[in-house]
Amino acid sequence: MIAEIGHFALILALAVALIQAVIPLVGASRGNATWMGLAGPASVAQMLLVGIAFAALTHAYMTSDFSVLNVAQNSHTDKPMLYKVTGVWGNHEGSLLLWITILALFGLAVTLFGANLPPGLKARALAVQAMITVGFLLFILLTSNPFERLDPPPMNGSGLNPLLQDPGLAFHPPFLYLGYVGFSMAFSFAIAALIEGKVDAAWARWVRPWTLAAWIFLTLGIALGSWWAYYELGWGGWWYWDPVENASFMPWLAGTALLHSAVVVEKRDSLKSWTILLAIVAFGLSLLGTFLVRSGVITSVHAFATDPARGVFILGLLIFAVGGSFTLYAVRAPSLKTGGLFAPVSREGALLLNNVLMATGAGTVLLGTLYPLFADALDLGKVSVGPPFFNSVFLPLMVPMVLAMAAGPLLSWKRGDLAGVLSRLSVAAVAALAVALATWLWQGGSAGPWWAAGGMALAVWLLGGTIVEWAERIRLFRAPLAESLERMGKLPRSSWGMTITHSGLALLIIGMTASSAWKLESVQTQKLGETITVAGYAFTLTQVEDINGANYLATQGTFKVTKDGQDFAILQPEKRVYRQPPRPTTEAAIVSTILGDVYAVIGDAVPEGGWVTRLYFNPLVPWMWAGCLVMVLGGLMSLSDRRHRIGAPTRARAAVQAAKA
Amino acid sequence: MRRVLYLLPVLVFAGLALFFLKGLTLNPRELPSMLIDRPVPEMNLPPLPGRGADTGLASADLKGRVSLVNIYGSWCIACIQEHPYLQKIKELGVVPIHGIDWRDDPVEGAKWLKKHGDPYARVGSDPAPGRTAIDFGVTGAPETFVVDKNGIIRYKHIGPVDMRVWDKTLLPIIRELNK
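Conventions adopted
- Residues numbered from 1 in each chain as written.
- Chains lettered and ligands numbered in written order.
- Predicted model: local features only at pLDDT ≥ 70, side-chain atom pairs only at ≥ 80, totals over all residues.
- UniProt positions renumbered as here; feature names shortened; annotations may be inferred.
- Helix = DSSP H or I, 4+ residues; strand = E, 2+ residues; numbered from the N terminus.
- Rg over C-alpha atoms; globule rule 2.2 N^0.38 Å.
- Buried ≥ 20, exposed ≤ 12 C-beta atoms within 10 Å, placed from the backbone.
- Contact = placed C-beta atoms within 7 Å.
- Core = buried A, V, L, I, M, F, W, Y, C linked by C-beta atoms within 7 Å.
- Pairing = 2+ DSSP bridges.
- Axes fitted to C-alpha atoms, helices over the stretch in contact; angles between N-to-C directions.
- Parallel < 35°, antiparallel > 145°, perpendicular 65-115°, else oblique.
- Left-handed = near helix turned anticlockwise from the far one by under 90°.
- Nonpolar A, V, L, I, M, F, W, Y, C, P; charged D, E, K, R; others polar.
- Domains from an automatic or database assignment.

An unreviewed UniProt entry annotates chain B as Thiol:disulfide interchange protein of Magnetospirillum moscoviense. Under the heading Subcellular location (unreviewed entry), UniProt records this for chain B: "Cell envelope". Check the Sequence similarities (unreviewed entry) section of the UniProt entry for chain B; it says "Belongs to the thioredoxin family. DsbE subfamily."

If you look chain A up in an unreviewed UniProt entry, it shows as C-type cytochrome biogenesis protein CcmF from Magnetospirillum moscoviense. Recorded in UniProt under Sequence similarities (unreviewed entry), the annotation for chain A is "Belongs to the CcmF/CycK/Ccl1/NrfE/CcsA family."

Below is the structure:
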C-alpha cells in the first residue's frame, strides 16, 4: 500500500511539474503576475510529493518489503540497517529518485529564498527547473519505476553490491547529486536570462552562491569517492581516470570555471555570454555523466545495470535539454549586451585564462572518456584510454593554470601591471625554486621522477602567491601589527574563501605529487612469521584467520609493524566474500602519519602455502584529503559572505543600483 | 561571423549526439577475447584421486554436447560461495558441468569436493603452475566457460556464478547453442 502511495505521488508530481513548466512561463511573457506566482506553490507541492515518494521507498527498504521488486533485487534482511537505508540510492531506480528529490529541494529553495528576485526571472527559472523535473519523472515512471511489485515475493532479497556496503561509498552519491543537481540552478537561471535577454550583476549575484554550494558538494563527493577507491580497491591508488570518475570531474571543472567567470559578470559586467555558456555546459556535463553511467555506452567498473531503452530515453532528454539550450544560446546570446572592456593583462584576463584552461581541461577529459566510443562507432576497433593519455594531456594544461593562479588575484581589474605583480611574487618564486632544488637533492636527482620537483615547486609557488596576496591585503609587516590585525578582521569572507581554497589546492598538489612520485610498494607471497620491509616499516605477518561478519566471510591477516625496532602499529586487512550476492571485496588496513600512509592488503592464499600480500607506503596522501577538506572549508567561508547570503543585504541592493546606473 | 561562433556549441553537441546514438547499438563490454569462438585448448588432464579412472578432462570430452567448464581450487574462497549454485545448476540437469582443479594439489582438490559436494561430471587436475587454465585465458578463480557442441568456447564468465548470472546470462546462451 505504501509503495502504491509513493508511485501515485510521483504521478501527481508529474502533473504539478507540467503545470509549473508551462503556466509561469506564459505568465512571464504576458506579464501576468498571478500566472507567474503559480510557480511558488507548485514548487512546494513538488517537494511534498517527491518527498512522499522518497519516504515510501525508504520505508520499503527499512522494513525489507520484498514484494517491491527494487527492494528484493537490492536488499537483504542480513544487511545492517545503515546499508538498508543507503541501499535506497544504491541502485538505478532509487538513485534517480534521490536525484529528483534533490532537484525538488533546490526548486523549493528558489521559492523560499528568492523573495527579492525579479518576478519574471524567478518564474522563468522555476519553469525551466520544472521542465527538467518533467523529463526525469517521465524517465522514472516509464522506464525505471522503483515501486514495481513482485508476486509472489521472495523469501529474501538478492542483497546490495558489497562494494556499496561501505560508509565512504554509501554517502558518496548524495553529495555528488547535490553537486550535479546544484548546477541545475545556474542552468535554469541561464536559460531564464537567455529568454529575458538580460544578464546583469544581480543575475550573477544570485547564481554565484548556488553554484558555489553545488561546487562544495561536488568537491566533497569526488573526494569521498576517491578516498573510497583508495582504501577499498586496495591498490594504493586514488584516481583511475575511470569513465565514472571523469563523469563527475568534468562538471567540476566546468563548475569551477563558472564560479570564476561569474565573478567577472558580477564585478565588471563582462564575459556574460561566456558565463551563460558555462552554466549550460556545467549542467550539460552533469546530465552527460548520468547518460554515460546508465546507458552502457561506455564501460566502467562502476556502471549500473544497463538497459538500452533507458539509454535511448536519457539520450532524448540530453538532446532536448542540452541541444535545446545551445540552440537558444545560438539565437539569443549574440544580442546580450557586452559590458566593460579589459586589457589582456588584468584580473579579468587572468580569470578568462583560468576559464579557457579549465574548459580545455574538461574538453580533453571528455575526449579521452568518449574516445573508445568514437573508435568503436567508426569501426576503428576496440580501444581503451587509460591514465597515460590523461596524465600527458590533462596535467600539462593544469601547469600554466596553477602558475597563473598565484598571479591572478594580485592583478588589478581592467588593466594590470604584470611586471609589478611578478616582482611582488619574487618571495614565492624563491621559495618555489628552493623547494624544487631541495626535492631534487632529497630524491637523489634523477633517481626519482623528474616531474616531482616541478610539482612541489608549483604547489609552493601557488601557496606563496596566495599568502603574498593575503599579506598585502592586511599590509602585514608594512603597517604596525595592530593595524594588520584590524585589517584581517575586516577582510570580506569571500576573500578569505579564495585564500583558503587556493591554499587547499596547493596542499592537494603536494599530496598528489608525493604519492605519485615516491609510492613504495612490495607485492609478494608471505608466509606466517615472515617479515617484509617497506620504507623502513617492517611488516611481520603474525596471524591469518577466517572471521564471520554480519553478512560476509573474511580472511583477516594480522601484521605487526615495527619501525626502527619499535612497535608502530597492528594492521588487520581483510579480504571479504559477501554472502549475498557472493562477491569479494578488499578492505585495506591503513595507518596515517603526517608523512604518509602505511597500507597493507591481504590477497588470496597460495596453494604452495602463504598469502599474497601487498604492502605500501603512500607518502603524503593525508595531505591530499586535508587539501580537499580545506578547499571545501574555503568554499563554505566564501558562501557565508554576507554579499552571498540569500536575503539580499542592503549593500548588495546598493551595488545593483550602482551597476544599473 | 560572430553568429557562427555562437552556433559552435550546438553543432559540436549535435556531432556528439550522433555518436551517442550509434553508441547505443554497440556493446563495449563484448571484449574481443582471443579465445571466444575458438576451440578449447588441447588438453588431457588426469582425474582427481578417488573419482574413478575415466573422469579426467580432455579436449575430446567437450564435444557432442553443450557444457560448462568451471575453474576452481581448494584454496579459492569465492569458490565456496559459488559452489551451492553449481550444485543447483547440476540438479537442473540442463547442462553438464566440468571442473578444472587449478593450481591445486589433486588430493586437496578431491577432499574439498567431498566436503562441499561434487557438481562436476568430469574434473581435470591442473596443478601449479596450471598451464591448461592459462591456455584457457583464465585470470583468476572462479571462472566459468560455456563450450558448444563442437568444443568451441562461446562465453566466459569471470567471478562466482549465482542464480542471477545463470538465469540472465548462462542459460540464455546455452538455450541458443542448443537450438
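Description of the overall build of chain B
Each helix and strand in chain B was counted, giving five helices and seven strands. Starting at the N terminus and ending at the C terminus, chain B contains elements arranged as α-β-β-β-α-β-α-β-α-β-β-α. Here the C-alpha atoms of chain B give a radius of gyration of 22 Å, more than 25% beyond the 16 Å that 2.2 N^0.38 yields for 179 residues. On the principal axes, the C-alpha backbone points of chain B span a range of 85 × 35 × 30 Å. Burial statistics for chain B: of 179 residues in total, 40% are counted as buried. Taking contacts inside chain B between residues at least 6 apart in sequence as the whole, the part at least 24 apart equals 73%.

Examining the nonpolar core
One finds Ala186 and Ala254 of chain A to be the most contacted residues of the largest nonpolar core, which totals 204 residues. For this core, the leading source of residues is helix α10 (residues 201-232) of chain A, giving 21 residues. With residues near it in sequence (within four places) discarded, Ala186 of chain A still touches Val207, Trp210, Thr211, Leu258, Ala279, Ala282 and Phe283 of chain A. By size, the runner-up hydrophobic cluster in this structure holds 42 residues, among which are Val40, Leu57, Val69 and Trp166 of chain B.

A short note on the sheet that holds strand β8 (residues 589-593) of chain A
Residues and elements named next belong to chain A. Spatially, the four strands line up as an open sheet ordered β1-β10-β9-β8, and their pairing is antiparallel. Because the sheet does not close on itself, it has two edges, and the strands there are β1 (520-526) and β8. This sheet shows a mean twist of 15° between the axes of neighbouring strands, independent of strand direction. Pairing of β1 with strand β10 (residues 611-619), which is carried by seven bridges, proceeds in the antiparallel orientation.

With respect to the packing of helix α6 (residues 92-113) of chain A against helix α7 (residues 119-143) of chain A
Residues and elements named next belong to chain A. Where α6 contacts α7, the axes come no closer than 10 Å and their chain directions differ by 165°. Comparing the axis directions of α6 and α7 gives the class roughly antiparallel. For the pair α6 and α7, the sense of crossing is left-handed. Residues Leu96, Leu97, Trp99, Ile100, Leu103, Ala104, Gly107 and Val110 of α6 pack against Lys122, Ala125, Leu126, Gln129, Ile132, Thr133, Phe136, Leu137, Phe139 and Ile140 of α7. Grouping the constituent residues of the contact of α6 with α7 by class yields 14 nonpolar, three polar and one charged.

Considering the sheet that holds strand β4 (residues 97-102) of chain B
Residue and element names in this part refer to chain B. In spatial order, the strands read β5-β4-β3-β6-β7; together these five strands make up an open sheet with mixed pairing. Edge positions in the sheet fall to β5 (123-126) and β7 (153-158), since each has one partner strand and no second. With direction set aside, neighbouring strand axes in the sheet form an average angle of 20°. Both strand β3 (residues 67-72) and strand β6 (residues 143-147) contribute to a ladder of five bridges, which runs antiparallel. Counted as the bridge partner of Asn70 is Thr144 from β6. In this fold helix α5 (residues 163-178) packs onto β6 and β7, with an angle of close to 175° to the strand it touches most, β7.

Regarding the domain arrangement of chain A
Residues and elements named next belong to chain A. Each domain of chain A was delimited in the assignment, giving domain 1 (1-160), domain 2 (170-378) and domain 3 (520-622). Computed over C-alpha atoms only, the centres of domain 1 and domain 2 are separated by 23 Å. Listed per partner, the contact involves 22 residues of domain 1 and 26 residues of domain 2. Where the side of domain 1 that touches domain 2 is concerned, the elements lending two or more residues are α5 (81-86), α6 and α7. The element that contributes the greatest number of residues to the side of domain 1 that touches domain 2 is α7, accounting for ten residues. Residue composition of the side of domain 1 that touches domain 2, by class: 13 nonpolar, eight polar and one charged.

Remarks on the environment of Met405 of chain A
All names here are of chain A. By the element assignment, Met405 lies in helix α15 (residues 387-407). The class of Met405 is buried, set by 22 C-beta atoms lying within 10 Å. Taking the C-alpha atoms as reference points, Met405 and Gly40, separated by 365 residues in sequence, lie 41 Å from one another.

Focus on the interface of chain A and chain B
Accessible area lost when the parts come together is the quantity often used to give the size of an interface. Between chain A and chain B, the contact holds 35 residues from the first and 32 residues from the second. Among the secondary structure elements, those contributing two or more residues to the side of chain A that touches chain B are α12 (272-295), α13 (308-332), α14 (347-377) and β9 (596-605) of chain A. With eleven residues, α13 of chain A is the largest single contributor of residues to the side of chain A that touches chain B. Residues that form the side of chain A that touches chain B fall into these classes: 23 nonpolar, seven polar and five charged.

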